[in-house]
Amino acid sequence: MNKKIAIVNDLQRYDRMAYMNSIPIIAAFGDRPYIGVSENIKYDAFITGLFKDSDKILEMRELIGDTKLDNPRTLALIDPIFADNGVKYEGITDTHIDNYKKLLEISDIMTPNLTEACFLANESYNDYREKYCTIQYESHNKEKTDELSRKIIQSIFPLIEKLRVKKNQITIITGIELYNSILTILDVYDGDHGKRQTTCNYSDKIEERYGAGEIFDAMFFETSTNGFNLVDALSASTSFINNSLRFSRDRNLDKNEGIVYEPILYDNIAAMKKRLDELMKKK
């Protein structure tokens, strides 16, 4: 509680993106969100996203790096937002991607989508898309789900390894589209102890809306730093995205408004905390 979180990214075309999606979630958990970087504030964490100016990416690397030197416990969640569905956003150059690679070197948590992961690792997005787009996820068949997860992890492992830049790192690849589900992969690499845990999370496929990435980043950061283990934080975050997408869809809200989640935020957080209490009691 009461962590000072710097949210640093460029304003985007639609209102319900960037800062607008992150601030209510961080505040609802009792932390203090700051837009951009104010002087004379010692931040406990940084959450970064899209930068239209490639030089700003290197400026953030220097700032976060200096902050970590002063306080090694400072956390950095880096979301290299620059592409989707196999295509780079308008104005994104190879320099942007190279600079994002340098910024990711000091990340504690990185959250690229599949397209961004492929660009960063010099892999073919279409090759991965073709592997997964016909896969049927059977939610009620645990044996088949476990086998499917093993196969997907095995096939995507080379990509994860190319993204790994630190001895200890949390890598999350979002937006992996199966035939009837959206897959998110969490890889936790503990180089100090030679341990690794890789987990698949399956979500319902609901109409796409702008801003899901920023919502996921804020929710995963807050749940993972407020008592949830990483797997449960992943599950809670993807569930919240799904609940918010359903809320927006069922009320026929304009897709240009992005994801409207504020009316259900506190009820969802209360449910998460209740679930956390149940998990803690079991331990």
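If you're wondering where the values come from, they're calculated on a predicted model, not measured in any experiment.

### Looking at the pattern of salt bridges
Then comes step 1: Counted according to the given criterion, the structure contains 18 salt bridges.
Then comes step 2: Note that Glu 207 is salt-bridged to Arg 209, the shortest N-O span being 3.3 Å.
Then comes step 3: By relative accessible area, Glu 207 is classed as partly exposed at 28%.
Then comes step 4: Judged by its relative accessible area of 9%, Arg 209 is buried.
Then comes step 5: A cluster of three or more residues bridged by salt bridges with shared partners is formed by Glu 161, Arg 164, Asp 187 and Arg 196.

### Quick notes on the packing of aromatic side chains
Then comes step 1: Going through the model one piece at a time under the given rule, you end up with 8 aromatic pairs.
Then comes step 2: A centroid spacing of 6.3 Å and a plane angle of 35° characterise the contact between Tyr 128 and Tyr 132, whose relative ring orientation is tilted. Taken as a pair, Tyr 128 and Tyr 132 lie in helix 5 (residues 125–132) at a separation of 4 residues, close to a single helical turn. Here the two residues Tyr 128 and Tyr 132 agree in accessibility, since each one is buried.
Then comes step 3: An aromatic cluster of three or more residues is present, and its members are Tyr 34, Tyr 43 and Phe 46.
Then comes step 4: Directly above the aromatic system of Tyr 128 lies the positively charged group of Lys 131, at a separation of 4.8 Å from the ring centroid.
Then comes step 5: When the ring centre of Tyr 189 is taken as origin, the NZ or CZ atom of Arg 164, which lies over that ring, is 4.0 Å away.

### Things to note about helix 4 (residues 114–121)
Then comes step 1: Counting buried positions along helix 4 gives 7 out of 8 residues, so the element sits mostly inside the fold.
Then comes step 2: Three or more residues of helix 4 are buried, namely Leu 114, Thr 115, Glu 116, Ala 117, Cys 118, Leu 120 and Ala 121.
Then comes step 3: For helix 4, the secondary structure elements touched by its buried residues are strand 5 (83–84), strand 6 (87–88), helix 3 (94–104), helix 5, helix 6 (142–163) and strand 8 (168–177).
Then comes step 4: The N-capping residue of helix 4, defined by a side-chain oxygen 3.1 Å from the backbone nitrogen of Thr 115, is Asn 113.
Then comes step 5: Of the residues flanking the end of helix 4, it is Asn 122, one or two places downstream, whose phi is positive at about 55°.

### Topic: the environment of Ile 156
Then comes step 1: Structurally, the position occupied by Ile 156 is in helix 6.
Then comes step 2: Taking relative accessible area as the criterion, Ile 156 reaches 0% and is therefore assigned buried.
Then comes step 3: Between the C-alpha atom of Ile 156 and that of Thr 115, which follows or precedes it by 41 residues, the distance is 13 Å.
Then comes step 4: Ile 156 has contacts with Leu 114, Tyr 128, Tyr 132, Ile 173, Ile 176 and Ile 185, leaving out every residue within four places of it along the chain.

### Here we look at the side chain of Lys 3
Then comes step 1: Relative to the elements of secondary structure, Lys 3 occurs in the segment before strand 1 (4–8).
Then comes step 2: Residues within four places of Lys 3 in sequence aside, it is in contact with Asp 31, Arg 32, Asp 44, Phe 221, Glu 222, Thr 225 and Asn 226.

### Considering the packing of helix 8 (residues 230–250) against helix 9 (residues 262–282)
Then comes step 1: One can describe the packing of helix 8 onto helix 9 by two numbers: an axis separation of 11 Å at closest approach and a directional angle of 155°. As far as their axial angle goes, helix 9 and helix 8 are roughly antiparallel. The way helix 8 lies across helix 9 gives a crossing that is right-handed. Residue-level inspection shows Asp 232, Ala 236, Phe 240, Asn 243, Ser 244 and Phe 247 of helix 8 in contact with helix 9, the latter providing Pro 263, Ile 264, Leu 265, Asn 268, Met 272 and Leu 279.
Then comes step 2: For the contact of helix 8 with helix 9, a count of residues per class yields 8 nonpolar, 3 polar and 1 charged.

### Section: a negative patch on the surface
Then comes step 1: Residues Asp 53, Asp 55, Glu 59, Glu 62, Asp 66 and Asp 70 make up a contiguous surface patch of negative charge.
Then comes step 2: With a relative accessible area of 54%, Glu 62 lands in the exposed category.

### Some details on the pairing of strand 8
The side chains of a regular strand alternate, residue by residue, between the two faces of the sheet.
Then comes step 1: By the criterion of burial, strand 8 is predominantly enclosed, with 7 of the 10 residues buried.
Then comes step 2: One ladder, built from 2 bridges, connects strand 7 (residues 109–110) with strand 8; its direction is parallel. Bridge pairing links Met 110 to Thr 171 in strand 8.
Then comes step 3: Bridging between strand 8 and strand 9 (residues 181–190) involves 8 bridges; their strand directions are antiparallel. Each residue of the ladder has a partner; that of Ile 172, found in strand 9, is Leu 186.

### Let's talk about the pairing of strand 4 (residues 75–78)
Then comes step 1: Of the pairings in the sheet, the one linking strand 3 (residues 45–48) to strand 4 comprises 4 bridges and is parallel in character. Its bridge partner being in strand 4, Ala 45 is matched across the sheet by Leu 75.
Then comes step 2: As for the winding sense of the linkage, the β-α-β connection from strand 3 through helix 2 (residues 54–70) to strand 4 is right-handed.
Then comes step 3: Sheet topology places strand 4 next to strand 7; 2 bridges connect them, and they run parallel. Bridge pairing in strand 7 links Leu 77 to Ile 109.

Basis of the calculations
Residues numbered from 1 in each chain as written. Predicted model: local features only at pLDDT ≥ 70, side-chain atom pairs only at ≥ 80, totals over all residues. Heavy atoms only, no water. Salt bridge = Lys/Arg side-chain N within 4 Å of Asp/Glu carboxyl O. Buried < 20%, exposed > 50% of the residue type's maximum accessible area, 1.4 Å probe, protein only. Phe/Tyr/Trp six-rings, centres within 6.5 Å; stacked < 30°, edge-to-face > 60°. Helix = DSSP H or I, 4+ residues; strand = E, 2+ residues; numbered from the N terminus. Lys NZ or Arg CZ within 6 Å of the ring centre and 35° of its normal. Contact = heavy atoms within 4.5 Å. Polar contact = N/O pair within 3.5 Å; in protein donor to acceptor, adjacent residues only side chain to side chain. Axes fitted to C-alpha atoms, helices over the stretch in contact; angles between N-to-C directions. Parallel < 35°, antiparallel > 145°, perpendicular 65-115°, else oblique. Left-handed = near helix turned anticlockwise from the far one by under 90°. Nonpolar A, V, L, I, M, F, W, Y, C, P; charged D, E, K, R; others polar. Patch = residues over 30% accessible without salt bridge, like charges linked within 9 Å, V, L, I, M, F, W, Y side chains within 5 Å. Areas by Shrake-Rupley, 256 points an atom, 1.4 Å probe, with all protein chains shown as cover. Lys, Arg positive; Asp, Glu negative; His and termini not counted. Charge placed at Lys NZ, Arg CZ, Asp CG, Glu CD. Pairing = 2+ DSSP bridges. Right-handed = clockwise from strand over helix to strand, strands pointing away.

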